[in-house]
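# What the coordinates show
These are the residues of each chain, in order.
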Amino acid sequence: MKPGGDSSMRKGAGASLALLVIFLAAWQWGPGALGVPSFIVPPLSMVGAEFVHAFAFDHLLLHTGVTIGEVLAGFALGSLLGALFGYLLGMSPTAELALSPYILALQIAPKVAFAPLFILWMGFTIYPKILVAVLIVFFPVMVNVLTALRNVDPDLINLARAFKATRAQIFWKVEFPASLPPMFAGLRIGATLAVVGVVVGELVGGDVGLGYLLTFGEGQANTPLVFVSIVMLTLVGGIAYLAVVLVERRVLHYLPARGIAENS
Amino acid sequence: MSSPSASVPVRLEYRNVTMRFAERGGQRALTAVRGVSFAVGDGEVVSLIGPSGCGKSTLLNIGSGLMAPSEGTALVDGAPVAGPNAHVAFMLQKDLLLPWRAVAENVMFGVEIQGVAAAERRRRAANLLAQFNLAEFSDHYPHQLSGGMRQRVALARTLAVDPHVLLLDEPFSAVDAQTRMLLQRDLAQTLAREQKTALLITHDLFEAVTLSDRVLVMSRRPGAIVDEITIDVPGRDDPIARRADPRVASYVARLMERLDIAHAPLERQPAEGDA
Ligand SMILES: Nc1ncnc2c1ncn2[C@@H]1O[C@H](COP(=O)(O)OP(=O)(O)OP(=O)(O)O)[C@@H](O)[C@H]1O
Ligand SMILES: [Mg+2]
């Protein structure tokens, strides 16, 4: 849209790539040059070798798959519930007034602290991990939807009312579309938080998932495996985030173009 | 006073309308307008001017059925206004375009709500956009348009529902002076051609005089109508030509005098009445 937008985007992508190369090179040769032992920071090649090893012997694919499944389930459920509650509270000021102190309290409570409790309740299954993710994704989505509904220009609603719009028409033609940009901002935050929730759950208890692999590597003093797990988790989070951004671009195509990392 | 000539039917009428708002805290009431009565005849354009905060927008909200008056009634086509009315459409200083709708879809917003068939809505939107020289922009999104274009789209949306009465609240005050004159001409031509009835709120005295058949002057709050001036200059459909008429300047001078602009204090509105 903007003149030169394309070339400046290409320049940015080129710079990003150059930075990646520099970072990987520093990872490979930096520790050795600074005399950092490889059990503290293993060089890139060692992590690469461990990746291949974990893939072959430590069920890396299985662990990754389980984590992805939990992240997807937690994210989907959490954002669905968050959006639902956001709309319900947004449409009913009384419900919002009644529930807001509890919501605030829950929002302040560190959600990951619930992980041990959920594991006590549900055992070493995938459910406590999903539940932590649900809880952690719920709030940014709900709060963003709720605030979006609060912030719809009253004149816009009056315009619809003056055209004799019904309550449902006002919702579907004005409030719902107006809530989408903030909702997507919440979903983007939620996508990365879902990974955090799942990992904490896996760290606390269980025998499968990347979080488990992380503690397993730690127990064995296998620093490269810890790095492999971190890289995989970052990938999972990154892909989740990108997926949200791609959907957002399609749904909010009417907005002026923006960068990937920009908020709302 | 304050009524059109007896031969034309009345489209919009205010009968002894008073509006009070509860002040914050709740005990005292703020009287925004008091005892306002006037009528606008079919095909007539009447402007409402008055100091900021005198209740002009309040009257417009009452006429469009968004607010019920504390006392008195507003009537459209002789029937008391008891809620939004399909024959009345309003337009504000803000264009209120929906950013997720393309231009044509924005124009169809009102007719879509009112359940007009899809083919008919598209036909009306295409006609109006062509009329306002916006045909090539019908698939653009609002953020791709200039302020003047957006305001024309808003006007098209207002006209798309084919209202009997247009309520216009400072519709062009947010655009630059040149664009405003073009928009005023577009509006004047449309109102004249379609024989629409309009109540126009404005702070621009030239706009009031060049676009209207009559100008009503309101007092400071509590707003009441203190003067009525019939604009006896031909060419209401061409405000740019009308502006050149020497009588326009004397009407404007009279309005300024009536509003006492030379001596008016600067309004300290938010301190007493921000809602
Ligand atoms: N919903 C409301 N609740 C309480 N007070 C209100 C409300 N709407 C308007 N008022 C008050 O009524 C008075 C008249 O407001 P109104 O908006 O009608 O003025 P106006 O003549 O349109 O002013 P302006 O020329 O600045 O647009 C103001 O003092 C305003 O604060
Ligand atoms: Mg006003």
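Heads up: these notes are all about the structure in this document. (Residues numbered from 1 in each chain as written. Chains lettered and ligands numbered in written order. Predicted model: local features only at pLDDT ≥ 70, side-chain atom pairs only at ≥ 80, totals over all residues. Heavy atoms only, no water.)

A tally of helices and strands in chain A yields ten helices and zero strands. Starting at the N terminus and walking to the C terminus, you meet the elements of chain A as α-α-α-α-α-α-α-α-α-α. For chain A, the spread of C-alpha atoms along the principal axes amounts to about 70 × 55 × 30 Å. Buried residues in chain A amount to 41% of all 264 residues. For chain A, the proportion of contacts with a sequence separation of at least 24, taken over those separated by at least 6, is 72%. (Helix = DSSP H or I, 4+ residues; strand = E, 2+ residues; numbered from the N terminus. Buried < 20%, exposed > 50% of the residue type's maximum accessible area, 1.4 Å probe, protein only. Contact = heavy atoms within 4.5 Å.)

This brings us to the sheet that holds strand β10 (residues 225-230) of chain B. All names here are of chain B. Judged by pairing direction, the sheet is mixed, and its six strands sit side by side in the order β6-β7-β8-β3-β9-β10 without closing on themselves. If you trace the sheet from one side to the other, it starts and ends with β6 (88-91) and β10, each paired once. Taking the axes of each pair of neighbouring strands and ignoring which way they run, one obtains an average angle of 15° across the sheet. Direction of pairing for strand β9 (residues 214-218) relative to β10: antiparallel, over a ladder of five bridges. Paired with Val217 across the strands is Asp227, a residue of β10. (Pairing = 2+ DSSP bridges. Axes fitted to C-alpha atoms, helices over the stretch in contact; angles between N-to-C directions.)

For the rest of this paragraph, the subject is a nonpolar patch on the surface. Residue and element names in this part refer to chain A. A cluster of nonpolar side chains, contributed by Leu117, Leu120, Trp121, Met122, Ile126 and Tyr127, occupies part of the molecular surface with about 650 Å² of accessible area. Broken down by element, the nonpolar patch gets its largest block of residues, four residues, from helix α5 (residues 115-122). With respect to the helices, strands and loops of the structure, Met122 is situated in helix α5. (Patch = residues over 30% accessible without salt bridge, like charges linked within 9 Å, V, L, I, M, F, W, Y side chains within 5 Å. Areas by Shrake-Rupley, 256 points an atom, 1.4 Å probe, with all protein chains shown as cover. Salt bridge = Lys/Arg side-chain N within 4 Å of Asp/Glu carboxyl O.)

Here we come to the pattern of salt bridges. All chains considered together, the criterion is met by 23 salt bridges over all chains. Note that Asp155(A) is salt-bridged to Lys94(B), the shortest N-O span being 2.7 Å. Here Lys94(B) lies in the loop between β6 and α2 (103-107) and Asp155(A) lies in helix α7 (residues 154-162), a pairing that spans two chains. Salt bridges sharing common partners tie together Asp153(A), Asp155(A) and Lys94(B).

Quick look at the interface of chain B and chain A now. Contacts between the two partners involve 23 residues from chain B, matched on the other side by 21 residues from chain A. A combined buried area of about 2100 Å² lies between chain B and chain A, and 69% of that area is made up of carbon and sulfur atoms. Looking at the side of chain B facing chain A, the largest losses of area belong to Leu66(B), Trp100(B) and Ile113(B), adding up to 30% of the total buried there. Applying the counting criterion to the chain B and chain A interface returns three salt bridges. For the pair chain B and chain A, the number of links is six residue pairs in polar contact (both at pLDDT 80 or more). Listing elements by their share of the side of chain B that touches chain A, those giving two or more residues are β6 and α3 (109-113) of chain B. Among the elements that make up the side of chain B that touches chain A, the one with the highest residue count is α3(B) (four residues). A class-by-class count of the residues in the side of chain B that touches chain A yields 14 nonpolar, five polar and four charged. (Buried area = accessible area lost by both parts, 1.4 Å probe. Polar contact = N/O pair within 3.5 Å; in protein donor to acceptor, adjacent residues only side chain to side chain. Nonpolar A, V, L, I, M, F, W, Y, C, P; charged D, E, K, R; others polar.)

Residues and elements named next belong to chain B. Residue Pro222 is reached from Arg221 by a cis peptide bond, and omega for that bond is -5°. Mapped onto the elements of the fold, Pro222 is located in the loop between β9 and β10. One non-glycine residue, Asn16, lies in the positive phi region at around 50°. A positive phi angle, close to 50°, is found at Asp77, a residue other than glycine.

So, about helix α8 (residues 167-204) of chain A. Taking 1.5 Å as the rise per residue, α8(A) with 38 residues should run 56 Å; its terminal C-alpha atoms sit only 47 Å apart, a clear shortfall. Taken from the residues just after α8(A), Gly206(A) is the one with a positive phi, measuring 135°. (Expected span 1.5 Å × (residues − 1).)

If you look at the biggest cluster of nonpolar residues, it comprises 115 residues, and the most contacted ones within it are Tyr14(B), Phe38(B) and Leu59(B). In terms of residue count, α8(A) provides more of this core than any other element does, twelve residues in total. Not counting residues up to four positions away in its chain, the partners in contact with Leu59(B) are Tyr14(B), Val17(B), Val33(B), Val36(B), Phe38(B), Leu48(B) and Met218(B). One finds Val217(B), Val233(B), Val248(B) and Val252(B) within the second-largest nonpolar core, a separate group that totals 14 residues. (Core = buried A, V, L, I, M, F, W, Y, C linked by side-chain atoms within 4.5 Å.)

Scope: geometric values only; no functional claims are made or implied.
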